[in-house]
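Okay, here's what each chain looks like letter by letter:
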Amino acid sequence: MLINSFLLILGFVILIKGADWMVNGASALAKKYNVSDLVIGLTIVAFGTSAPELVVNIVASSQNLNDIVLGNVLGSNIANLFLVLGITGIVYPLVVQSSTTWREIPLSLLAVVFLFLLSNNFFMGGAPLISRADGLVLLLMFGLFMYYVYRLSKSDEAPKEEIVSNVSGFKMYAFIVLGLAGLVFGGRLVVNNAVEIATFLGLSEKIIGFTVVAIGTSLPELATSVVAAIKKNTNIAVGNIIGSNIFNIFLVIAVSAVVRPVAFNTVFNTDLYLLAGGTLFLFIAMFTGGKKKLDRWEALILLLVYLGYTGWLVAGEF
């Protein structure tokens, strides 16, 4: 048990460091080509901070650990929305661009609705399942999202930061490669030891996936967004979270289902309702208080909801 706990923590450390290296390398590469902060937040940073979820889910899916696959992504998205944005918005009120209010936030809500319909077999009927075909459909949606971001990068008129780093081309690619290696190794440590601990404590896979694994894989988003907020770079802070949540559904769940179809436990519908409600709240928050801004009191509501919901889930285990 002690060894598993140590290896779990070590896995998270390697995951976070791997994500950090990958984001640093990829962001430096993006800055070199003068890409805006919002686009970087929606793509490079979002992918880098979603990479732990992707690696953890590929490992979990290959081992047929369906509840960890779903608990990790839904728990991570809920943690991103309620915990990360809650803490970040308390640190510094988050002002966003118009496109974030009218496009990216509604798109993240659409992703939740789309996942709900596919996972509950709303179109085909039968047992709840995210099939390989569903995974391919989600990958198609991911491709459309990337095309949208490409178009956004061409039309985005937001001010772009000047390059402040003299990182060499070799270091950029070295960071990316080492980051990916850290993500793969750390992901294996997290999944394998989380399952061992769950078995020892008699906890369900869902709770382990929703709490320990999800919060652990959300640490890169938390670190990235808080640092961005402290630097008053709110486009990266918010773009990172919205982009990461879209990546998690359209890419991470998709790849997991392609690796192995994911049997959907309908108990996760409650998490989908919460995620949809939280995203809708974030959209409404853009029009209350400061316009296109998540105020501190709204961020506090998000954080309190997260703490209450997580406490309710854990209490239900005992």
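What counts, and at which threshold
- Residues numbered from 1 in each chain as written.
- Predicted model: local features only at pLDDT ≥ 70, side-chain atom pairs only at ≥ 80, totals over all residues.
- Heavy atoms only, no water.
- Helix = DSSP H or I, 4+ residues; strand = E, 2+ residues; numbered from the N terminus.
- Expected span 1.5 Å × (residues − 1).
- Contact = heavy atoms within 4.5 Å.
- Axes fitted to C-alpha atoms, helices over the stretch in contact; angles between N-to-C directions.
- Parallel < 35°, antiparallel > 145°, perpendicular 65-115°, else oblique.
- Left-handed = near helix turned anticlockwise from the far one by under 90°.
- Nonpolar A, V, L, I, M, F, W, Y, C, P; charged D, E, K, R; others polar.
- Core = buried A, V, L, I, M, F, W, Y, C linked by side-chain atoms within 4.5 Å.
- Buried < 20%, exposed > 50% of the residue type's maximum accessible area, 1.4 Å probe, protein only.
- pLDDT = per-residue confidence, 0-100.
- Phe/Tyr/Trp six-rings, centres within 6.5 Å; stacked < 30°, edge-to-face > 60°.
- Salt bridge = Lys/Arg side-chain N within 4 Å of Asp/Glu carboxyl O.

**Concerning helix 9 (residues 269-285)**
Stage number 1. Between its first and last C-alpha, helix 9 extends 24 Å over 17 residues, near the 24 Å set by a 1.5 Å rise per residue.
Stage number 2. In this fold, the buried residues of helix 9 make contact with helix 3 (66-91), helix 4 (98-119), helix 7 (205-230), helix 8 (234-259), strand 4 (293-294) and helix 10 (296-315).

**Focus: the packing of helix 7 against helix 8**
Between two packed helices, both the angle of their axes relative to each other and the distance between the axes serve to describe the pair.
Stage number 1. One way to put it is that helix 7 packs onto helix 8 with a least axis distance of 7 Å and a crossing angle of 155 degrees. Looking at the two axes, helix 7 sits roughly antiparallel to helix 8. The interaxial crossing formed by helix 7 with helix 8 has left-handed handedness. Where helix 7 abuts helix 8, its residues Glu-221, Thr-224, Ser-225, Ala-228 and Ala-229 lie against Thr-234, Ile-236, Ala-237, Asn-240, Ile-241 and Ser-244.
Stage number 2. Classifying every residue of the contact of helix 7 with helix 8 gives 5 nonpolar, 5 polar and 1 charged.

**Some points on the packing of helix 4 against helix 9**
Stage number 1. Relative to each other, helix 4 and helix 9 sit at 165 degrees, their axes nearing to 10 Å. Considering the angle they form, helix 4 stands roughly antiparallel to helix 9. Between helix 4 and helix 9 lies a crossing of left-handed hand. Contact with helix 4, carried on its side by Thr-101, Trp-102, Ile-105, Pro-106, Ser-108, Leu-109, Val-112, Leu-115, Phe-116 and Ser-119, involves Asn-269, Leu-272, Tyr-273, Leu-275, Ala-276, Thr-279, Leu-280, Leu-282 and Phe-283 of helix 9 and no other residues of that element.
Stage number 2. Here the contact of helix 4 with helix 9 is built from residues that sort into 14 nonpolar, 5 polar and no charged.

**Comments concerning the nonpolar core**
Stage number 1. Among the nonpolar cores identified, the biggest contains 88 residues, and Ile-78, Leu-85, Leu-138, Phe-145, Phe-250, Leu-282 and Leu-294 are the most heavily contacted of them.
Stage number 2. With 14 residues, the single largest contributor to this core is helix 8.
Stage number 3. Beyond its immediate stretch of four places on either side in the chain, Leu-282 contacts Leu-81, Leu-85, Ile-105, Ile-242 and Leu-294.

**Here we look at unusual backbone geometry**
Stage number 1. Positioned with a positive phi, Asn-64 is a non-glycine residue whose angle comes to about 60 degrees.
Stage number 2. Relative to the helices and strands, Asn-64 is located in the loop between helix 2 (37-62) and helix 3.
Stage number 3. You can call Asn-64 partly exposed: its relative accessible area is 41%.
Stage number 4. Although it is not a glycine, Asn-121 adopts a positive phi angle of roughly 50 degrees.

**Things to note about the side chain of Ser-244**
Stage number 1. In this fold, Ser-244 is placed in helix 8.
Stage number 2. Looking at Ser-244, the relative accessible area reads 0%, which means it is buried.
Stage number 3. If near-sequence neighbours (up to four positions away) are discounted, Ser-244 is found in contact with Ala-46, Thr-49, Ser-50, Asn-77, Asn-80, Glu-221 and Gly-239.

**Notes on the confidence of the model for the protein**
Stage number 1. When pLDDT is averaged across the protein, the result is 83; 93% of the residues are at 70 or more.
Stage number 2. Confidence drops under pLDDT 50 across residues 158-164; counting only partners more than four residues distant or on other chains, this segment forms 10 contacts.

**Details of the packing of aromatic side chains**
Stage number 1. Inspection of the entire model under this criterion finds 7 aromatic pairs.
Stage number 2. Ring centres 5.8 Å apart and planes at 45 degrees place the aromatic pair Phe-116 and Tyr-273 in the tilted group. A residue pair is termed long-range when its members are at least 10 positions apart, and Phe-116 in helix 4 and Tyr-273 in helix 9 qualify at 157 residues.
Stage number 3. Between Phe-283 and Phe-287, the aromatic rings sit 5.2 Å apart at their centres with planes inclined by 70 degrees, giving edge-to-face as the arrangement.
Stage number 4. Residue Phe-287 is classed as partly exposed on the basis of its relative accessible area of 35%.
Stage number 5. These aromatic residues form a ring-pair network of at least three members: Phe-142, Phe-145, Tyr-148 and Phe-247.

**Focus: the pattern of salt bridges**
Stage number 1. Considering all chains together, one arrives at 1 salt bridge under this definition.
Stage number 2. With its nearest N and O atoms 3.9 Å apart, the salt bridge here joins Lys-293 to Asp-295.

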